[in-house]
Amino acid sequence: MRPLSIVHMTSVHSALDHRIFRKECRSLAKAGFDVTLVGPHPEDTVKESVRIKSVKRHGSKLARMTRTVWSVFQEAQKRDADIYHFHDPELIPAALLLRSGGRKVVYDVHEDFPRDILFKDYLPYWSRRILGWLMERAESIACKRFSAIVCVTPAITERLQQINSRTVTVYNYPYPEELISEDPAPWDTRASAVSYVGTITPQRGIAEMVRAMDLLPPSLQATLEIAGDEIPGEVRKFSGWRHVRFHGVLDQPSTYRLLRNVRAGLILMHPIPTFVDCMPVKIFEYMGAGIPVIASDFPLWREMLGGLDCALFVDPLDPRAIAQAIEFVLSNPEKAEQMGRRGQAAVARKFNWNTQAQKLVDLYCSLASAPCAG
């Protein structure tokens, strides 16, 4: 009996995206599925039993949403797969074409796109609410047609499950073996430092982090280690900037090495709808690296982590509250180390990708036995 053939599709992400390739496609190939990934990549290749069919990602947004999407659709259609699994809302028209041909199609929802539109700075403010409403209507109509939906957070699942009953949550947890070192840096050899890794924007708290560093006692000689994209120019002018070490964009192994040599990880997203219900993978990366988490005091995050005693929750808009949490971690090394160990144990036990991969396998097996209505 031949294995089920699966085609994953993306026009926005790199073909080697962490969730799409490193987690989902690799796990499916290991489980015995015949997996092809169609997406932006320099060349056709095979990596870890996953066939990658490259398409060109065009530079402008309009060209990507037309020419790149069309290329992805054409290459995917050639595969005549059992199941198609796509990752970007701009691929919805292509996915509906596949459904109209009787194919089984899974929509992987990485973000709450209708609400994200409300905070896109490149869009005129007056247009965002209208576009968000239109996006939600279009997504809702399309989701009724898809064979299944995979969501990254419970909030998105709750919204879309009302439209399509075959909706599951597959959390974006990290691989524990990539984070949990067998020979971690001893706590007393770590720098008097905290870290932020990831996308850098005002809404993700970069200004408040830097201002907080200037409120710490000079005796701590603390630094903020940042790994990510470009820092907004005005933040570099803050007096707290002298306490920052900016590493730029790091690859994953370098990021994990950085985390294993600091004493806390910061995730201080502002309390806006698109963030309050999200579950950023960096929370679990900090925990897996064995460091305490200093996090925005969101109800979902407090519910998820509050009982583990591995995190400090603060008002992300208050630099003084942030500074107090950083000072506590740096001034209480034994307590901080124990917090880090508890978080790491929770990742090894629960918050890891190995607990999620089986959800995809089970979903595909259920689709394989379901009738394929056009």
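Just so it is clear, the model here is predicted, and its values are computed rather than measured.

A. Just the pairing of strand β1 (residues 5–9), in detail. In terms of residue burial, β1 counts as a mostly covered element, since five of its five residues are buried. Taking every second residue as pointing to the same face, both faces of β1 are buried, with Ser 5, Val 7 and Met 9 on one and Ile 6 and His 8 on the other. Relative to strand β2 (residues 34–40), β1 runs parallel, the two being bridged by five bridges. Directly across from Val 7, in β2, lies its bridge partner Thr 36. The handedness of the β1 to β2 crossover, carried by helix α1 (residues 18–30), is right-handed. In this sheet, strand β5 (residues 83–86) lies alongside β1 in parallel orientation, the contact comprising four bridges. Within β5, the position partnered with His 8 by the bridge is His 85.

B. Fine view of unusual backbone geometry. We note that Glu 48 has phi near 50°; this positive angle belongs to a residue other than glycine. With respect to the helices and strands, Glu 48 occurs in the loop between β3 (45–47) and β4 (50–55). Judged by relative accessible area, Glu 48 falls into the partly exposed class, the value being 47%. Positive phi, close to 55°, is recorded for Asp 309, a residue that is not glycine.

C. Summary view of the nonpolar core. One finds Leu 224, Met 287, Ile 294, Trp 301, Leu 305, Ile 326 and Phe 351 to be the most contacted residues of the largest nonpolar core, which totals 67 residues. Looking at which element gives the most residues to this core, the answer is helix α13 (residues 319–331), with seven residues. Formed by 31 residues, the second largest nonpolar core is a distinct cluster that contains Met 9, Phe 73, Ile 117 and Val 152.

Reading the values: the criteria
Residues numbered from 1 in each chain as written. Predicted model: local features only at pLDDT ≥ 70, side-chain atom pairs only at ≥ 80, totals over all residues. Heavy atoms only, no water. Buried < 20%, exposed > 50% of the residue type's maximum accessible area, 1.4 Å probe, protein only. Helix = DSSP H or I, 4+ residues; strand = E, 2+ residues; numbered from the N terminus. Pairing = 2+ DSSP bridges. Right-handed = clockwise from strand over helix to strand, strands pointing away. Core = buried A, V, L, I, M, F, W, Y, C linked by side-chain atoms within 4.5 Å.

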